[in-house]
Amino acid sequence: MSDINSLIYELIQYSVKTGLVADDDVVYTTNRLLEFFGIDEYTEPASSAPRELHLILDDMLEYAAAHNMLENDTITYRDLFDTAIMGLVTPPPSVVRAKFNEKYSNSPKEATEFYYAFSKATNYIRTDRIAKDEKWVTPTDFGDLDITINLSKPEKDPRDIAAAGKAKKSGYPACLLCMENEGYAGHFSHPARQNHRIIPIHWTASSTIYSTVHMFTTTNTASSLMRSIHR
């Protein structure tokens, strides 16, 4: 397990490289991470070869487990914890929407690709888990059929299932796709969303105008925009 200073430094370097953290915000964000982990001192370590995000987060989770920072060492608590970490390096909605709108004014495709890449960079889309999915194509009378077996969603830990049954129910946010999910810390029955940023969108189709000012998207934003582009 790596030293926590090294892990924080690694995450900051990753965040700068992927555009999540601006150069002017490096010290500020480093201090937020130090506060999160309860660290009073920090010495910037020597640079090392960059690693994939999930490896950095895995080591941070091991540190958290070893220092009793997790209420329970289960998949649910680990997901809540690493999402909280990523929330500290994810820019606020105003910044993300400004970038999206800037790119959209040039090309809807460019904006869509930006948002998809951003969602992967923040670990909202967990690419290391998606890579475990089984996928293949089989020919049919109606054309090629894409078949996927979803292996990326982890099984529930029995301890989490038991705790969820005892947990106080919350009516906020009202649904998994409601706009109030943006930045929400989550709980047993509701995934954490600190690393999620939503884009209000408008589109037209079949000469009918669909007003979506109050519709906010989650992972289907990219696909919705792509359909709109192809129309």
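What counts and what doesn't
Residues numbered from 1 in each chain as written. Predicted model: local features only at pLDDT ≥ 70, side-chain atom pairs only at ≥ 80, totals over all residues. Heavy atoms only, no water. pLDDT = per-residue confidence, 0-100. Contact = heavy atoms within 4.5 Å. Disulfide = S-S within 2.5 Å. Phe/Tyr/Trp six-rings, centres within 6.5 Å; stacked < 30°, edge-to-face > 60°. Helix = DSSP H or I, 4+ residues; strand = E, 2+ residues; numbered from the N terminus. Lys NZ or Arg CZ within 6 Å of the ring centre and 35° of its normal. Salt bridge = Lys/Arg side-chain N within 4 Å of Asp/Glu carboxyl O. Buried < 20%, exposed > 50% of the residue type's maximum accessible area, 1.4 Å probe, protein only. Axes fitted to C-alpha atoms, helices over the stretch in contact; angles between N-to-C directions. Parallel < 35°, antiparallel > 145°, perpendicular 65-115°, else oblique. Left-handed = near helix turned anticlockwise from the far one by under 90°. Nonpolar A, V, L, I, M, F, W, Y, C, P; charged D, E, K, R; others polar.

K.L.:
What is the right way to read the confidence of the model for the protein chain from this model?
P.N.:
Reading fine detail from the predicted coordinates is not recommended where pLDDT is low. The predicted model of the protein chain has a mean per-residue pLDDT of 84, with 81% of residues at 70 or higher. Residue range residues 206-231 is modelled with pLDDT below 50. Its contacts to residues more than four positions away, or to other chains, number 47 contacts.

K.L.:
Even after reading the chapter, I still don't get the state of the cysteines, so can you show me in this structure?
P.N.:
Linking two cysteines covalently through their sulfur atoms gives a disulfide. Enumeration over the complete set of coordinates arrives at one disulfide. Shown here is the disulfide that connects C175 with C178, its sulfur atoms set 2.1 Å apart. Taking the torsion about the S-S bond as the criterion, the C175 to C178 disulfide, at about 120°, is right-handed.

K.L.:
Is there a simple way to think about the packing of aromatic side chains in this case?
P.N.:
Each aromatic ring pair is characterised by the separation of its centres together with the angle its planes make. On inspection of all chains with the given rule, the structure shows eight aromatic pairs. Pairing F37 with Y63 gives two aromatic rings, centres 5.9 Å apart and planes at 75°, and the pair type is edge-to-face. A residue pair is termed long-range when its members are at least 10 positions apart, and F37 in helix α2 (residues 26-37) and Y63 in helix α3 (residues 53-66) qualify at 26 residues. Members of the aromatic cluster, joined through ring pairs, are F36, F37, Y63 and F81. A cation over an aromatic ring shows up here: R32 above the ring of Y28, its NZ or CZ 4.9 Å from the ring centre.

K.L.:
For this particular structure, what's the right way to read the pattern of salt bridges?
P.N.:
As a working rule, side chains carrying opposite charge can pair if their charged atoms are close by. Tallying each qualifying case throughout the model produces 11 salt bridges. R51 is paired through a salt bridge with D59; the nearest N and O atoms lie 3.0 Å apart. Look at D59 and you get buried, because its relative accessible area is 16%. One salt bridge connects D79 with R126, and the closest N-O pair in it is separated by 3.8 Å. Linking D79 in helix α4 (residues 75-89) with R126 in the loop between α6 (108-121) and α7 (127-130), this pair joins segments that are 47 residues apart in sequence.

K.L.:
What's the story with the packing of helix α1 (residues 4-17) against α3 in this structure? I'm lost.
P.N.:
When two helices pack together, you describe them by how their axes are tilted relative to each other and by the distance separating the axes. Running from amino to carboxyl end, α1 crosses α3 at an angle of 150°, the nearest separation of the two axes being 10 Å. As far as their axial angle goes, α3 and α1 are roughly antiparallel. The two elements α1 and α3 cross, and the hand of that crossing is left-handed. Contacts between α1 and α3 pair I4, L7, I8, E10, L11 and Y14 from the former with L53, I56, D59, M60 and Y63 from the latter. Among the residues forming the contact of α1 with α3, the class breakdown is nine nonpolar, no polar and two charged.

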